[in-house]
Each structure stands twice: as structure tokens, then as C-alpha cells.
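# Examining the three-dimensional arrangement
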Amino acid sequence: QVQLVESGGGLVQAGGSLRLSCAASGRAFSSYDMGWFRQAPDKAREFVAAVRRSGSFTTYTDSVKGRFTISRDNAKNTMYLQMNSLRPEDTAVYYCAARVTSTATLTLPTLYNYWGQGTQVTVSS
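As a starting point, this report considers the structure included with it. (Residues numbered from 1 in each chain as written. Predicted model: local features only at pLDDT ≥ 70, side-chain atom pairs only at ≥ 80, totals over all residues. Heavy atoms only, no water.)

### Some words on the pattern of salt bridges
Stated precisely, the cut-off is as follows: The working definition used for a salt bridge is a side-chain nitrogen of Lys or Arg within 4 Å of a carboxyl oxygen of Asp or Glu. Helix numbers and strand numbers start at the N terminus; a helix is a DSSP run of H or I with at least 4 residues, a strand a run of E with at least 2. Burial here depends on accessible area, computed with a 1.4 Å probe over protein chains only, as a share of the maximum for the residue type. Under 20% is buried, over 50% is exposed, and the range in between is partly exposed.
For the structure shown, the criterion picks out six salt bridges. Here Arg52 and Asp33 are joined by a salt bridge, their closest N and O atoms 2.8 Å apart. Taken together, the positions of Arg52 in the loop between strand S5 (46–51) and strand S6 (58–60) and Asp33 in strand S4 (residues 33–39) put the pair 19 residues apart, joining distant regions of the chain. In this structure Asp33 comes out as buried when scored by relative accessible area, which is 1%. The network of salt bridges with shared partners includes Arg38, Glu46, Arg67 and Asp90.

### Section: the packing of aromatic side chains
Stated precisely, the cut-off is as follows: Two aromatic rings from Phe, Tyr or Trp, using only the six-membered ring of Trp, form a pair when their centres are within 6.5 Å; if the ring planes differ by under 30 degrees the pair is stacked, by over 60 it is edge-to-face, and anything between is tilted. Here, a charge over a ring is recorded when the distance from Lys NZ or Arg CZ to the ring centre is within 6 Å and its angle to the ring normal is within 35 degrees.
What the rule picks out here adds up to four aromatic pairs. Relative to Tyr112, the ring of Phe37 has its centre 5.1 Å away and its plane inclined at 80 degrees; by these criteria the two rings are edge-to-face. Of this pair, Phe37 sits in strand S4 while Tyr112 sits in the loop between strand S9 (92–99) and strand S10 (114–115); the two residues are 75 residues apart in sequence, bridging distant segments of the chain. Here the two residues Phe37 and Tyr112 agree in accessibility, since each one is buried. When the centroid spacing of 5.0 Å and the interplanar angle of 55 degrees are considered together, the rings of Phe37 and Trp115 count as tilted. Of the two residues, Phe37 is situated in strand S4 and Trp115 in strand S10; the sequence distance between them amounts to 78 residues. Judged by its relative accessible area of 0%, Phe37 falls in the buried class. Note that Arg45 overlies the ring of Tyr95, its terminal NZ or CZ placed 3.8 Å from the centroid. Note that Arg72 overlies the ring of Phe29, its terminal NZ or CZ placed 4.4 Å from the centroid.

### Some thoughts on the sheet that holds strand S3 (residues 18–24)
Heads up, the rule is: Paired strands, as defined in this entry, are two strands with at least two bridges between them according to DSSP. Here an axis means a line fitted to C-alpha atoms, over the contact stretch when the element is a helix, while the angle between two N-to-C directions is reported on a 0 to 180 degree scale.
One open sheet accounts for four strands, arranged S1-S3-S8-S7; its pairing is antiparallel. On the outer flanks of this sheet lie strand S1 (4–7) and strand S7 (68–73), each paired with one strand and no other. On average, adjacent strands in this sheet sit at an angle of 15 degrees to one another, irrespective of strand direction. Here S3 pairs with strand S8 (residues 78–83) via six bridges, running antiparallel. Bridging from a neighbouring strand, Ala23 pairs with Thr78 of S8.

Structure (C-alpha cells):
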């Protein structure tokens, strides 16, 4: 099983920034599509951003476009989510996820094979 570990969450004021990291085990990281999802209390897990294995293609949910940037460093087996202009509604547990086979869709949680434990992001007013 692929091991994924998120880090970088914390408490930040509205308008601030955080960078989340997702470290993956193994040497096949470059073959995985990767995504970020988030889940607020009593809410369903929702798609945030995803990146194809090469890093050349990225996609975002509308609410974070222009504020968040997803990237990956395949040499370091690490994916990142740079979050700027944070809003209180961004408060959630953020999870990274990996899909080991190709798919045309990157936005559905059920299409990912492996998940990290999550990191809490809290944005205060």
C-alpha cells in the first residue's frame, strides 16, 4: 500500500497563506495522478485540486482558482498545495490522495486508491 503523509496545516488569519505538503512512499510516485481534497465538519469530502503524473496538467475547483496552486516534485516524491488569500470557508481537514492507474476524471474521491491521514487547516476571521 502507498503511504501518504500530509503536513503544513495550521491556524492562519483570513488573507494569509499556507503551503501543504504530501510525502509519498515508494519509487512509483511519478506514475501516480495526485489530488487534494478537503472535508469540513459534517460536510462531504470535496475536491480541491489535482495534478497529473508529469505535473504538466492541473485542475482546480472553482472556489480556489486563482488562490491555490498545486504542484509536485517527482524527484522528492512530494506534492504541494500553495494556498493564498485564505478564507474562513477554506477551514477543513485537507487530504492528499493518489491514483495509480489512468483516468479521465480527477475530481471524484472514489477514483483515488490511497489517502493520507489529513492535516487541519483553520482560517480565522
